Amino acid sequence: MKKEKIILTGDRPTGRLHLGHYVGSLKRRVELQNSGEFDKIYIEIADSQAITDNSHNLDKVRQNVIEVALDYLACGIDPEKTTIFVQSQIPELCELTFYYLNLVTLSRLERNPTIKEEIKLRGFQNSIPAGFLTYPVSQAADITLFDATDVPVGEDQLPMLEQTREIVRTFNRLYDEVLVEPEARIPENDICSRLPGLDGKAKMSKSLGNCIYLSDSEEEIKKKVMGMYTDPDHLRVEDPGKVEGNTVFTYLDAFCKEEHFEKYLPEYKNLDELKDHYKRGGLGDVKIKKFLNEILQEELAPIRKRREEYQKDIRKVYQILEEGSKKAREAGSKKIEEVKKAIGINYFEDQDLINSHVEKYNK
Ligand code: TRP
């Protein structure tokens, strides 16, 4: 039988999704969803994972499950084609995680570069919650419970995929070949993999307050774009300007296509011409910001409109999540039976085991 192609990916519900999520992964997921190349597609709202560093701030997680769901639907994730589910509603994930925890060492978990970075950011140094340190193991369960072959994510998730693949290999070697080894799919365009924030800081991130949200209004987007970090030495229009490290140009690299010039800035043919003029001097920041604003408005308007439609029927969105979770659970409970059989803890189905004990004591 040909191996099925299955996508699984997800996000933590700790806030609304932003432009970094969009170019880093969401846009790609929608393309993959519509490619018809995949047999099954799952998207998980990873609330249990979000709890690992928000155990004292649970309301944040509770409030944002629906926000993330709205953002997914707004971007074009189609519940007819993609199963959207909520992690905590699939108890089989906990079960699987518990068995996987025996297949990794503490020192291996502590070497995970994404975890190391997050521990620093959260100031956990001497008091790392055990659940937090082990969330990559639970993520391995997320991926493998659904036999995922492809995991579209941003590049910060590569260590999680590596950890998952190690667990899969160890499990298959120790027990039985029942787990599927997944591949990460990261954006081809480097800028998209790590979109900087509005302030030019390395990453667009909620905690740094430098985001354009997918749900921002037209005015909010415009205000944010007009306040973006450019070249601090480009003081007068006639001054030569730098495009490297200039956030407006970085965003143009990520979003601008030639047709945008025809439409909004016909005096230039392409981005290279615009950059040359900026470098020479004589091109003001306001002009390039206005251009970027047009491009972002064009990209985000349909997303915002679709979100507004779904916002009118929140009950229906909760229902989509409930049905998705039910469907995911059906798949998950089949897989966990397979896993338990491989480990040998399927006592009541294992007639050979029962018979051998009958024989042992009936002699
Ligand atoms: N760790 C991911 C993030 O922070 C979210 C996530 C949870 C995920 N489970 C997953 C991503 C499974 C891909 C596959 O963005």
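Residues numbered from 1 in each chain as written. Predicted model: local features only at pLDDT ≥ 70, side-chain atom pairs only at ≥ 80, totals over all residues. Heavy atoms only, no water.

Visitor: Sorry, what's going on with the packing of helix α8 (residues 135-145) against helix α9 (residues 158-174) here?
Guide: Between two packed helices, both the angle of their axes relative to each other and the distance between the axes serve to describe the pair. Contact geometry of α8 with α9 gives a least axis separation of 9 Å together with a crossing angle of 70°. When the interaxial angle is binned, α8 and α9 end up roughly perpendicular. Two secondary-structure elements touch here, α8 through Tyr135, Pro136, Val137, Gln139, Ala140, Ile143 and Thr144 and α9 through Met160, Leu161, Gln163, Thr164, Ile167 and Val168. (Axes fitted to C-alpha atoms, helices over the stretch in contact; angles between N-to-C directions. Helix = DSSP H or I, 4+ residues; strand = E, 2+ residues; numbered from the N terminus. Parallel < 35°, antiparallel > 145°, perpendicular 65-115°, else oblique. Contact = heavy atoms within 4.5 Å.)

Visitor: Just checking my understanding: could you explain the domain arrangement of the chain for this structure?
Guide: How big an interface is tends to be stated in terms of the accessible area lost upon association of its parts. One can read the domain layout of the chain as domain 1 (6-195 + 314-355) and domain 2 (218-310). Taking only C-alpha atoms into account, the centre of domain 1 sits 35 Å from that of domain 2. Taken together, the 18 residues of domain 1 in the interface contact twelve residues of domain 2. Considering only the side of domain 1, the residues that lose the most area to domain 2 are Leu19, Ala74 and Ile191, jointly responsible for 35% of the buried surface there. In this assembly, domain 1 and domain 2 are joined by three salt bridges. The salt bridge partner of glutamate 299 is lysine 27, with a shortest N-O separation of 3.3 Å. (Domains from an automatic or database assignment. Buried area = accessible area lost by both parts, 1.4 Å probe. Salt bridge = Lys/Arg side-chain N within 4 Å of Asp/Glu carboxyl O.)

Visitor: Even after reading the chapter, I still don't get a negative patch on the surface, so can you show me in this structure?
Guide: Together, Glu258, Glu259, Glu262, Asp272 and Asp276 make up a region of like negative charge exposed at the surface. Looking at the negative patch, the elements with two or more residues in it are α13 (258-264) and α14 (271-280). Counting residues per element, the negative patch draws most heavily on α13, at three residues. Relative accessible area serves as the criterion here: at 52%, aspartate 272 is assigned to the exposed category. (Patch = residues over 30% accessible without salt bridge, like charges linked within 9 Å, V, L, I, M, F, W, Y side chains within 5 Å. Areas by Shrake-Rupley, 256 points an atom, 1.4 Å probe, with all protein chains shown as cover. Lys, Arg positive; Asp, Glu negative; His and termini not counted. Charge placed at Lys NZ, Arg CZ, Asp CG, Glu CD. Buried < 20%, exposed > 50% of the residue type's maximum accessible area, 1.4 Å probe, protein only.)

Visitor: Explain the nonpolar core here, please?
Guide: Soluble globular proteins tend to bury their nonpolar side chains together. Ranked by internal contacts, the top residues of the largest apolar core, which has 56 residues, are Leu19, Tyr72, Tyr251, Leu252, Phe255, Leu274 and Leu296. Counting residues per element, this core draws most heavily on helix α3 (residues 58-75), at nine residues. For this core, the two domains that each supply at least three residues are domain 1 (6-195 + 314-355) and domain 2 (218-310). For tyrosine 251, the residues in contact, after removing those within four places along its chain, are Leu19, Leu195, Pro196, Gly197, Leu198, Met204, Met228, Cys256, Leu292 and Leu296. Membership of the second largest hydrophobic core comes to 37 residues, among which are Phe85, Leu103, Ile119 and Phe124. (Core = buried A, V, L, I, M, F, W, Y, C linked by side-chain atoms within 4.5 Å.)

Visitor: What's the story with the packing of aromatic side chains in this structure? I'm lost.
Guide: Within a pair of aromatic rings, the relevant descriptors are the distance that separates the centres and the angle that separates the planes. According to the stated counting rule, one finds twelve aromatic pairs in the structure shown. With 6.2 Å between their ring centres and 75° between their planes, tyrosine 100 and phenylalanine 171 make a pair best called edge-to-face. Of this pair, tyrosine 100 sits in helix α4 (residues 91-100) while phenylalanine 171 sits in helix α9, and the two are 71 residues apart along the sequence. Residue tyrosine 100 is classed as buried on the basis of its relative accessible area of 0%. Both rings, one in phenylalanine 171 and one in tyrosine 175, keep their centres 4.8 Å apart while their planes meet at 70°; by these two values the pair is edge-to-face. Under the relative-accessibility criterion, phenylalanine 171 is labelled buried at 0%. Grouping aromatic residues by their ring pairs yields a cluster made of Tyr42, Phe85 and Phe146. The cationic tip of lysine 5 hangs over the ring face of phenylalanine 38; the distance from NZ or CZ to the ring centre is 4.9 Å. It is arginine 12 that lies over the ring of tyrosine 135; its NZ or CZ is 4.6 Å from the centre. (Phe/Tyr/Trp six-rings, centres within 6.5 Å; stacked < 30°, edge-to-face > 60°. Lys NZ or Arg CZ within 6 Å of the ring centre and 35° of its normal.)

Visitor: What's the story with the site of the ligand in this structure? I'm lost.
Guide: If you check the shell around the ligand, you find 13 residues, and the closest are Glu44, Gln49, Gln139, Asp142 and Gln157. Within the side chain of glutamate 44, one N or O atom sits 3.2 Å away from a nitrogen atom of the ligand. For the ligand, a nitrogen atom lies 2.9 Å from a polar atom in the side chain of aspartate 142. Within the complex, the protein chains bury 91% of what would otherwise be the 370 Å² of accessible surface of the ligand. Structurally, the ligand is housed in the largest pocket. Elements with a minimum of two residues in the shell around the ligand: β1 (6-11) and α8. (Near = heavy atom within 4 Å. Polar contact = N/O pair within 3.5 Å; in protein donor to acceptor, adjacent residues only side chain to side chain. 1 Å grid on protein atoms, 1.4 Å probe; cavity = no way out; pocket = protein on both sides within 12 Å on 5 of 7 lines; lining within 4 Å. Sits in = over half its atoms within 2 Å of the grid points.)

Visitor: Which parts of the structure should I look at to understand the layout of surface pockets?
Guide: Where empty space is left can be seen by rolling a probe of water-molecule size over the atoms. Approximately 1,500 Å³ is the volume attributed to the largest pocket. In this structure, the largest pocket is lined by 49 residues; those nearest its centre are His21, Glu118, Asp156, Gln157 and Lys203. Of all the elements in the fold, those that place two or more residues in the lining of the largest pocket are β1, α1 (19-35), α6 (113-122), α8, β4 (150-152) and α10 (190-193). When its residues are assigned to classes, the lining of the largest pocket shows 15 nonpolar, 18 polar and 16 charged. Approximately 450 Å³ is the volume found for the second largest pocket. Around the second largest pocket sit 25 residues that line it, and Glu4, Ile6, Lys40, Phe146 and Asp147 are the ones nearest its centre. Mapped by element, the contributors of at least two residues to the lining of the second largest pocket are β2 (40-45) and α16 (314-343). Considering every element that reaches the lining of the second largest pocket, the biggest residue donor is α16, with six residues. For the lining of the second largest pocket, a count of residues per class yields nine nonpolar, three polar and 13 charged. (Points joined across faces, edges and corners; volume = space filled by probe spheres on them. Nonpolar A, V, L, I, M, F, W, Y, C, P; charged D, E, K, R; others polar.)

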